[in-house]
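Summary of the model geometry
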Amino acid sequence: MNLTHHEQAMLDGAHGRAAQWGIEYQQRVGTFFDAEDFVPIRLVHISTDRETMGDSGLRFIEELAAMPPADRRPRAFAAADFRGFDADAFRFLLPGRDLAGESEEAAVALGKLGVAASHAYINDHSVTAPTFGEACGYSGTPSVIYMNSFVGARCNFEAGPSSLAAFFTGRVPRYGFHLDDRRRATHAFRVDFTPKHAAEWGAIGALIGRKLNSYWSVPAIEIPGARPAVLSLNHMALNLASYGSIAMCHVVGITPEAPDWQTVTAGRRIDTAETIARKDVREFLENWGGVGEPVDVVALSTPQLCITEIAEVAELLAGRKVHADTTLLIYAPLEIKRAAAAMGYAKTIEDAGGRLVHGHDFFATYAREIREAHGWQRLMTHSVKVANICEGYGYKPTPASLHRCIDSAVAGKVLP
Amino acid sequence: MSDSRSSGPEVGIALIGHVGMGPAVRGIALAAADDFSTRYDLDRERGIFSRPSHKLYGESYVGRILVLNAAKGGVASAWMLREMVTMEKAPLALLLNDANPVMAQGAAFANLPFIDRFQTDITAAIRTGNTLYVDPAKGVVTIERRGR
């Protein structure tokens, strides 16, 4: 990689040990992907869920935090989606593990580094806002695909240690979605119906992601109907990432770089668009099965629910009771949980037997251990990503609409 | 399940990929035409593939040279590979047809030998049980011996 004098000095240790580690590490990754140089950034997002980070990741961060300040000077603004843990909920979910205590250690170490803590799952709409065309160093896959696809900012997956390196160097290697050519669409899809709920949006992302199955693929997608809500787009996008490791899509008419098909395909031949039909989505969702079986846990998360979804859940649960053999978990950022409490939604949910949980998502908090601790098998969720991940943890997932998830939680079995 | 047929690729054949990262190693392959994520597919405490639909379901990957198609999923692998190395529950090396940044960032953080972008489909060229020499600095994998 070509280094500026400043970057070479950083590599030589003139700007502190953290920056030296960071740029050496970034150079190895950049070289792996044939990056010619670095691009400056001002915004960094760090994924730091405790399960993912592990003890070795925590020790690494603590070692950085123990350096003298001159050795670990920040060169970007960083927010960690360090969402904390709901102590009451996790005492119930994982009585054998002190998640709150474990998370506190990491929060303290990150705080010493100058990383701002966020409670949001996708902090694209709460903490930071890059501009169109701006390079940034985001970590979480949903955040990255959101930035590339709906904001028009430029980002690769800068996962855990990589975003930490960017925090100390103020730059990232310039490859992938920092380059104009990589951002152009490689495939085209036309959805022939307007999805009705989050699971259908998620299924569209899963079908396209599974088909393309490459980080370097960029699907252009046309969806009929009114302009989709950002939350709907997020459910689709995070499943493109979950199933296909895809970091950018063009939603025609929404993506800043894709106002129309002509612009999407400019200078590049794309064979005829494939159709994603309603029956494809229906089959995808039905293939998970489970109808009529007892449902052990209903986990509504990923992303954490927003206040309008909490309101919907509360209305669906009003005057009803969750089945005694079913656990209903509803994940929300701390701020949203507080808002739900102030508005009375939290009480409605709790009176019905549901648990409103703040902090890290279900799948990111030792979901395998939770299953084993409770002997759970059948899981329902409105999030296709949760279904995808938790299948690997031994659950039998059934993704469905929010409405169907709640009705099933009350019935104690998977309703059709 | 993994391919354990007795016939196999030609011994001594060198498979050319992109220049990789990490030290050179010699070891036994665990190969399948399937994708890879540390979060989605593994029981990292037991060191086995735990996703029922994965072609390596139930197989131990610890100390093996993992040969798979594409990196999938999200950010988790960047932290997790290092934790797996620390816990001595890691593969010896990782060979993929198609990496994503997360897997490369994880391999760099863990100092795990890693190569991708081969000139041939690596999952077809290598079979479980092959003895491999992996040279990331040159981007070359040599099949030294067939069979388990």
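Numbers given to residues run from 1 along each chain, matching the order in which its sequence is written. As a convention, the first chain written is A and the first ligand written is 1, with the rest following in written order. Note on the predicted model: pLDDT of at least 70 is required for a residue's local features to be given, and 80 or more for side-chain atom pairs to be given and counted; whole-chain, interface and lining totals, by contrast, use all residues.

Some remarks on the domain arrangement of chain A
Residue and element names in this part refer to chain A. Where each domain starts and ends follows an automatic or database-derived domain assignment. As assigned here, chain A comprises domain 1 (5–178), domain 2 (184–285) and domain 3 (289–411). Taking only C-alpha atoms into account, the centre of domain 2 sits 27 Å from that of domain 3. On the side of domain 3, 11 residues touch domain 2, which itself brings 13 residues to the contact. The dominant element in the side of domain 2 that touches domain 3, judged by the number of residues it contributes, is helix H9 (residues 230–244), at 6 residues. The contact criterion used is a C-beta to C-beta distance within 7 Å, with each C-beta placed from the backbone. Helix numbering and strand numbering both begin at the N terminus, where a helix is a DSSP run of H or I of at least 4 residues and a strand a DSSP run of E of at least 2.

Focus on the sheet that holds strand E6 (residues 187–191) of chain A
Residues and elements named next belong to chain A. Here, strands pair whenever DSSP counts at least two bridges between them. The strand order E8-E7-E6-E9 describes an open sheet built from 4 strands, whose pairing is parallel. Looking at the sheet topology across the chains shown, the edges are occupied by strand E8 (250–251) and strand E9 (274–276). By the bridge criterion, 4 bridges tie E6 to strand E7 (residues 219–222) in an arrangement that is parallel. Bridge pairing in E7 places Ala188 opposite Ala220.

Re the packing of helix H2 (residues 17–32) of chain A against helix H7 (residues 160–169) of chain A
Residue and element names in this part refer to chain A. Two numbers describe how H2 lies on H7: the axes approach to 8 Å, and their chain directions differ by 125 degrees. On the basis of their axis angle, the class for H2 and H7 is oblique. Pair H2 / H7 crosses with left-handed handedness. Here Ala18, Ala19, Gly22, Ile23, Tyr25, Gln26 and Val29 of H2 lie close against H7, whose contacting residues are Pro161, Ser162, Ala165, Phe168 and Thr169. Residues are sorted three ways: Asp, Glu, Lys and Arg are charged, Ala, Val, Leu, Ile, Met, Phe, Trp, Tyr, Cys and Pro are nonpolar, and all the rest, Gly among them, are polar. The residue inventory of the contact of H2 with H7, partitioned by class, reads 8 nonpolar, 4 polar and no charged. Axis lines are fitted through C-alpha atoms, for helices just across the contact stretch, and the angle between N-to-C directions can take any value from 0 to 180 degrees. Note that the term roughly parallel is reserved for angles under 35 degrees, roughly antiparallel for angles over 145, roughly perpendicular for angles of 65 to 115, and oblique for everything else. In this scheme the crossing of two helices becomes right-handed for a clockwise turn of the near helix relative to the far one and left-handed for an anticlockwise turn of less than a right angle.

Some details on the nonpolar core
Residue and element names in this part refer to chain A. Ranked by size, the top nonpolar core spans 180 residues in total, and within it Ile145 and Ile330 carry the most contacts. Top element by residues in this core is helix H8 (residues 198–212). It accounts for 9 residues. Setting aside anything within four residues of it in sequence, one finds Ile145 in contact with Ala237, Leu238, Leu240, Ala241, Ile246, Ala247, Met248 and Cys249. Nonpolar core, as used here: buried Ala, Val, Leu, Ile, Met, Phe, Trp, Tyr and Cys residues forming one set through C-beta atoms within 7 Å. Remark: C-beta atoms are placed from the backbone, and a residue is labelled buried if 20 or more other C-beta atoms sit within 10 Å of its own, exposed if 12 or fewer do, or partly exposed between those counts.

Notes on the interface of chain B and chain A
Every contact between the two is made by 30 residues of chain B and, on the other side, 33 residues of chain A. Taken together, the residues that form the side of chain B that touches chain A break down as 14 nonpolar, 8 polar and 8 charged.

Description of the pairing of strand E5 (residues 65–70) of chain B
Residue and element names in this part refer to chain B. Burial analysis of E5 places 6 of its 6 residues in the buried class, the great majority of the element. Of the strand pairs in this sheet, E5 and strand E6 (residues 93–98) are connected by 5 bridges, and their pairing is parallel. Within E6, the residue paired with Ile65 across the bridge is Ala93. Here is how to tell: hold the view so the strands point away, follow the path from the first strand over the helix to the second, and if it runs clockwise the crossover is right-handed. In this region the chain leaves E5, passes through helix H2 (residues 76–86) and returns to the parallel neighbour E6; the handedness of that crossover is right-handed.

Topic: the sheet that holds strand E11 (residues 327–332) of chain A
All names here are of chain A. Taken in spatial order, the 5 strands make up an open sheet running E12-E11-E10-E13-E14, and their pairing is parallel. Two strands lie at the open edges of the sheet, namely strand E12 (355–358) and strand E14 (396–399), each paired on one side alone. Strand-to-strand twist in this sheet, taken as the mean axis angle between neighbours without regard to direction, amounts to 25 degrees. Where strand E10 (residues 297–300) meets E11, 4 bridges bridge the pair, whose relative direction is parallel. Residue pairing for E11: Val297 is matched across the bridge by Thr327. Strands E11 and E12 of the sheet are contacted by helix H13 (residues 334–343), whose axis makes an angle of about 145 degrees with E12. Against the sheet, helix H16 (residues 384–391) contacts E10, strand E13 (378–381) and E14, and its axis sits at roughly 170 degrees relative to E14.

Considering helix H3 (residues 50–65) of chain A
In a helix, the anticipated span is given by 1.5 Å times the number of residues less one. For H3 of chain A, with 16 residues, the first-to-last C-alpha span of 17 Å runs short of the 22 Å given by 1.5 Å per residue. Across the chain, bend at a residue is computed as the angle between axes fitted to the seven residues ending at that point and the seven starting from it. Residue Ser56 of chain A marks the point of greatest curvature in H3 of chain A, where the axis turns by about 65 degrees. Elements in contact with the buried residues of H3 of chain A: H2, helix H5 (99–113) and H7 of chain A together with H2 of chain B.

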